[in-house]
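Chains, contacts and geometry: an overview
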Amino acid sequence: MKKVIVLSLVLALICSAVFAGPGGGQQGGQRHAIVFKSTGNPYGERQMAGFKTGIEEQGFEAILRAPDLPTAEAQIQMIEQLVAQRVTSICIVGNDFDALQPVLTRAKNQGIKVYSLDSAVNPASRLTHVNQADSEKIGQTLVEAAYDLAGGSGEIAILSATSQASNQNLWIDYMKKELAKPQYSRLNLVKIAYGDDLRDKSVSETEALLLSYPNLKVIIAPTTVGIAAAGKVLTDKQLVGRVKLTGLGLPSEMAEYIDNGACPYMYLWNPIDVGYLGAYVGGALSANKITGASGESFSAGRLGQYSIVAAPDGGTEVLLGPPFKFDKGNINDWKAVY
Ligand code: RAM
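Note that this is a predicted model, so its numbers are computed, not measured. Residue positions within a chain follow its written sequence, with the count starting from 1. Only residues with pLDDT of 70 or above have their local features reported here, since the model is predicted, and side-chain atom pairs are shown and tallied only from 80 upward, although totals for entire chains, interfaces and linings are computed over all residues. Calculation of side-chain values draws on the structure's entire complement of heavy atoms; hydrogens and water are dropped beforehand.

On to the domain arrangement of the protein chain. Where each domain begins and ends is defined by an automated method or by a domain database. Taken domain by domain, the protein chain consists of domain 1 (27-132 + 271-321) and domain 2 (135-268). Taking the mean C-alpha position of each, domain 1 and domain 2 sit 28 Å from one another. Residues count as neighbours in contact if any of their non-hydrogen atoms are within 4.5 Å of one another. On the side of domain 2, 18 residues touch domain 1, which itself brings 18 residues to the contact. In total, domain 1 and domain 2 occlude about 1,300 Å² of area from one another, counting both sides; carbon and sulfur atoms represent 52% of this. When two components associate, each loses some accessible surface as probed by a 1.4 Å sphere; the sum of these losses over both components is called the buried area. When the buried surface of domain 1 facing domain 2 is broken down by residue, Lys37, Tyr43 and Pro70 rank first, second and third, together holding 29% of it. In what follows, salt bridge is the name for a side-chain nitrogen of Lys or Arg lying within 4 Å of a carboxyl oxygen of Asp or Glu. Inspection of the region where domain 1 meets domain 2 yields zero salt bridges. By the criterion applied in these results, polar contacts are pairs of N or O atoms within 3.5 Å in which, for protein atoms, one can donate a hydrogen and the other can accept it, and in which residues neighboring in sequence qualify only through two side-chain atoms. Here domain 1 and domain 2 share seven residue pairs in polar contact (both at pLDDT 80 or more) between them.

Next comes the structure, spelled out in structure tokens:
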């Protein structure tokens, strides 16, 4: 009997050594990690929840991480820990485009599949990027909205996340390009403020904008944390109708400000689906079904088939779909969903 037990143990050990895959995970025991920008962001929580569902659906373990503050330094520490744990893949929501390159390169050199999602890292740091929507289209759509809400002319301001956030910076670059077109010559972008995706800082930055620019007509907040904070400030200060708000917002957080008119309309995509799509990119990369090259395609569970395409930054990306418009007519259908 003893001999049988010893033999089974030896066999089990041999099997686990044989099936140990890249990143040290076993085939059935792969561990896939996501590192979001910071804690306390309901958008990030939904994105991570979608990632977890997608990873578990494939039979793997999901590791969800986010630092307290949205800095590159804090993410570097977390990635170092994940490399030491020899996870199978790392999905990074970058707090900086370039600063994570050394640590992500170390991860890649250890066989860990590294890709970004929502907020890209530079092409040298990633195999591919999971993008929520076409970045240029987001920039154009938000400028069109500001033009419409301002009535064609006047002062507008942007309330962003951190000054290093690569997704917000990309959208702002496209907004500036759009604003340079002749049809927008009567719109005046007076300031880009940074609320760092922290609620209190976003509130005080909105208050400062209102003080410095008493003729401000529109605030564009391309961040769910910023737009919700600005909605609260405009409501509390009884400025609804005088200063209009648009941007990218989470329906559950913005329903009251869409209902009361502070934000006549805004845009977003489904953050749960962004995370879920990311999970399937992690699975496909780790199974070597894709390498991250343009032209490859893979299956993303309930979302169907997706292809990898060239990204404007010289790398590649997977696009979830077009941004969706939320207004008084549909916000009540969405506020309970995300
Ligand atoms: C915030 C984050 C996130 C961004 C959304 C729109 O929650 O900055 O990265 O995609 O807003």
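Any empty space left between the atoms is revealed when a probe the size of a water molecule rolls over them. For cavity detection a 1 Å grid was placed over the protein atoms alone, and a set of points counts as a cavity when a 1.4 Å probe fits there but cannot get out; an open set counts as a pocket when protein lies on both sides within 12 Å along at least five of seven lines, with lining residues being those that have an atom within 4 Å of a point. Grid points are joined across faces, edges and corners, and a volume is the space filled by probe spheres set on the points. Applying the stated criterion across every chain, the model contains one cavity of 30 Å³ or more. Reported here for the largest cavity is a volume of approximately 110 Å³. Around the largest cavity, the lining comprises 16 residues; the ones closest to its centre are Tyr43, Asn167, Gln168, Thr223 and Thr224. Helix and strand definitions here come from DSSP, where helices need a minimum of 4 consecutive H or I residues and strands a minimum of 2 consecutive E residues; each element is numbered from the N-terminal end. The biggest single contributor to the lining of the largest cavity is helix H6 (residues 166-179), with three residues. Amino acids are sorted into nonpolar (Ala, Val, Leu, Ile, Met, Phe, Trp, Tyr, Cys and Pro), charged (Asp, Glu, Lys and Arg) and polar (every other residue, Gly among them). For the lining of the largest cavity, the residue count by class is seven nonpolar, six polar and three charged. Taken domain by domain, the lining of the largest cavity gets at least three of its residues from each of domain 1 (27-132 + 271-321) and domain 2 (135-268).

For the rest of this paragraph, the subject is the layout of surface pockets. By volume, the largest pocket amounts to about 230 Å³. Along the walls of the largest pocket sit 18 residues, with Phe97, Ala120, Ser166, Leu170 and Asp313 positioned nearest its centre. For the lining of the largest pocket, the per-class residue count stands at six nonpolar, eight polar and four charged. In terms of domain composition, the lining of the largest pocket takes at least three residues from each of domain 1 (27-132 + 271-321) and domain 2 (135-268).

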